[in-house]
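Coordinate analysis (summary)
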Amino acid sequence: MNTADTKAQTVKQRAGDALNNDFLRKAVRFTTERLRLGKKLASEEHGNWDDWRERGRQIRLHTIAHLDYYLDQFTEQARANGVHVHFADTAEEAVAISLQIAERKSAKSVVKSKSMVSEELHLNKALESIGVEAVETDLGEYIIQLSDETPSHIIIPAIHKNRYQIAEVLSEVAGETLPPDTAVLAGFVRMKLREKFLEAEIGMTGCNFAIAETGSMVLFENEGNARMVTTVPKTQITLMGMERIIPSWSDLEVMATLLPRSATGQKLTVYMSGISGPKREQDADGPDEMHIIIIDNGRSLQLGDPEFQELLNCIRCGACLNACPVYRHIGGHAYGGTYSGPIGAVLTPALNKNVAEWDDIANASSLCGACYEACPVKIPLHDMLVYLRRRKIEAGRGDKLEGMGMRGFSTVMGDSKRFRSVLSLGKLGQKLVVRNGEIRTKLGPLKGWNSYRVTPSIPKQSFRDLWPEMEADLRRTSKPMKPDLTNRLEERKRQQEGKGVNGDG
Ligand code: SF4
């Protein structure tokens, strides 16, 4: 899906398209499952994972609370290392600085790596407009660029494509049919990109972390291309979101423990590079000139905001996407912005300032809290999503029908007698639409839900119906509550004819 397509539709329309795309759903589900399992095993094996999450959170909270101090320290150190440090308040300023450097260097081509922030700036198009070829060199990003699409995952940009689709895309570049064999395809890309590394005048990367105490930037990667990008071209540009900073190398130890495990389930990525400046006399390689562009672009709006400041703690690991039941069904393009999944649903409106335009993105969540559980720095994304929804209602931009439904729901749930009466009516009414314990009708509000899931019927006996007898049993036998309760609930389950909803919320 290209950028023009995403802008023209609502989240609901894009999600509908994604749900009808079986290839996409299978590919996204397959990879997110693999990543989720990898993370689970890596964090369990590591032990005391929650303690490390808390350490990570404290480092991020402290850094963001003192962001001006650490940015000053970083800038001073980086300049002392011979780096040109620039500040850009907006995307336009960051693009202008990048283009000026490219023009000054008479650049014809730029090789890029690891830069979601450059997606945020739409930098490739700007470079093309002045005749500079921008080549993405991360395998997934390269495939996305050739397909004229945008990334659909923070760390696996081509997550929505399978190897057959990738073979088709690469075959066009090769001018011959390549087999859907991952080793062959990766080998072909490797060969193509090698030429590009040697030709490019400028290497451009993002930045996983910036170390304030030494003015260094750190990159985590698996393919080795970021090392090529940062060492072969004569000029190096780093695009850095202003929140990427951490105080010291010892803080990096914590982040290096959290990031790869959360992202891919690896103990450490294949390469971790620390870069402190341009090539020195004693160095064998490296760029002659190095620039770091520190980018605000809406980030400082979160500073001091009690609801959203913690957004700046994000280390872009992607774990919340892999955990999110909504993302795993619809993939990343349905969110419409550069960042997708739970972090995208909050970050996109935050960075874009235009809340009304991004109103519906907060609805792309079941509010189950899986994103918070997955997050290595404990960002309460589910609370932020609730806040975004509330803000929309308070601003009078809510859906009137939904509002009426919610008021009715609140009236029923606020009074136990009313709740019982509605339940009894529901049991009677559902007889018309229940088959094998499931409500499968696609009438009214159930249309969207039942198109892709199953709604269980209201059971003959509710927990409230069962409880007096269960409680009496418990008192009589004085058995421990848990096993007895479990037996009764299993009995109740057997009494129901239905099989229940699918598993992920
Ligand atoms: S919000 Fe948390 S889980 Fe999601 S990308 Fe950021 S750090 Fe990772």
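Cut-off values and rules
Residues numbered from 1 in each chain as written. Predicted model: local features only at pLDDT ≥ 70, side-chain atom pairs only at ≥ 80, totals over all residues. Heavy atoms only, no water. Buried < 20%, exposed > 50% of the residue type's maximum accessible area, 1.4 Å probe, protein only. Helix = DSSP H or I, 4+ residues; strand = E, 2+ residues; numbered from the N terminus. Pairing = 2+ DSSP bridges. Core = buried A, V, L, I, M, F, W, Y, C linked by side-chain atoms within 4.5 Å. Contact = heavy atoms within 4.5 Å. Axes fitted to C-alpha atoms, helices over the stretch in contact; angles between N-to-C directions. Nonpolar A, V, L, I, M, F, W, Y, C, P; charged D, E, K, R; others polar. Phe/Tyr/Trp six-rings, centres within 6.5 Å; stacked < 30°, edge-to-face > 60°. Lys NZ or Arg CZ within 6 Å of the ring centre and 35° of its normal. pLDDT = per-residue confidence, 0-100. Expected span 1.5 Å × (residues − 1). Polar contact = N/O pair within 3.5 Å; in protein donor to acceptor, adjacent residues only side chain to side chain.

1. A few points about the pairing of strand E6 (residues 216-221)
For E6, the tally of buried residues reaches six of six residues, placing the bulk of the element in the interior. Burial of E6 is two-sided: the residues Ser216, Val218 and Phe220 facing one way and the residues Met217, Leu219 and Glu221 facing the other way are all buried. Bridge count for strand E5 (residues 209-211) against E6 is three bridges, and the pairing is antiparallel. Each bridged residue has a counterpart across the sheet, and for Ile211 the counterpart in E6 is Ser216. The pairing of E6 with strand E9 (residues 271-275) spans five bridges and is antiparallel. Bridge pairing in E9 links Glu221 to Tyr271.

2. Observations regarding the nonpolar core
Of all hydrophobic cores here, the largest spans 39 residues; its most connected members are Leu311, Ile330, Tyr335, Ile343, Val346 and Leu381. Mapped by element, the contributors of at least two residues to this core are helix H2 (11-19), helix H3 (22-46), helix H14 (319-323), helix H15 (325-330), helix H16 (341-352) and helix H18 (381-394). For this core, the element with the most residues is H16, which contributes six residues. Beyond its immediate chain neighbours, meaning those up to four positions away, Tyr335 contacts Val11, Arg14, Cys324, Val326, Tyr327, Ile330, Ser340, Gly341, Ala345, Trp358, Ile361 and Ala364. Of all hydrophobic cores here, the second largest spans 23 residues; its members include Ala88, Ala107, Leu239 and Ile293.

3. Let's talk about the packing of H3 against helix H13 (residues 249-264)
Closest axis-to-axis distance for the H3/H13 pair is 6 Å, and the angle between their directions is 145°. Contacts from Leu35, Lys39, Ala42 and His46 in H3 reach Thr257, Arg261, Ser262, Ala263 and Thr264 in H13. When the residues that make up the contact of H3 with H13 are grouped by side-chain class, the tally is three nonpolar, four polar and two charged.

4. Concerning the sheet that holds E5
Spatially, E8-E5-E6-E9 is the arrangement adopted by the four strands of the open sheet, whose pairing is mixed. The open sheet terminates on both sides in strands that have one partner only, identified here as strand E8 (245-246) and E9.

5. Let's talk about the environment of Asp68
Counting through the fold element by element, Asp68 comes out in helix H5 (residues 67-80). Since its relative accessible area comes to 55%, Asp68 is described here as exposed.

6. Thoughts on the packing of aromatic side chains
In this structure the tally under the stated criterion is five aromatic pairs. Ring centres of Tyr69 and Tyr70 lie 5.0 Å apart, and the angle between their planes is 80°; this geometry places the pair in the edge-to-face category. A cation sits over an aromatic face here: Arg53 above Tyr372, 5.6 Å from the ring centre. For Arg55, the ring lying beneath its charged end belongs to Trp52, and the centroid distance is 4.8 Å.

7. Details of the confidence of the model for the protein chain
Across the protein chain, pLDDT averages 91, with 93% of residues at or above 70. The low-confidence segment residues 499-505 (pLDDT under 50) makes 13 contacts with residues lying over four places distant or belonging to another chain.

8. Quick word on H3
Here H3 spans 36 Å end to end across 25 residues, near enough to the 36 Å set by a 1.5 Å rise per residue. Within H3 the residues assigned to the buried category are Leu24, Ala27, Val28, Thr31, Thr32, Leu35, Gly38, Lys39, Ala42 and Ser43. Residues of H3 that are buried in the fold lie against H2, helix H4 (49-65), H13, H14, H15 and helix H17 (370-374). Where H3 starts, the residue carrying a side-chain oxygen 3.2 Å from the main-chain nitrogen of Phe23 turns out to be Asn21. Of the residues flanking the end of H3, it is Gly47, one or two places downstream, whose phi is positive at about 80°.

9. Side note on unusual backbone geometry
Phi at Asn48 is positive, roughly 25°, even though this residue is not glycine. Here the phi dihedral of Asn297 falls at roughly 45°; this positive angle occurs in a residue that is not glycine. The residue Asn297 is located in the loop between strand E10 (289-295) and H14 in this model. Given a relative accessible area of 15%, Asn297 falls into the buried group.

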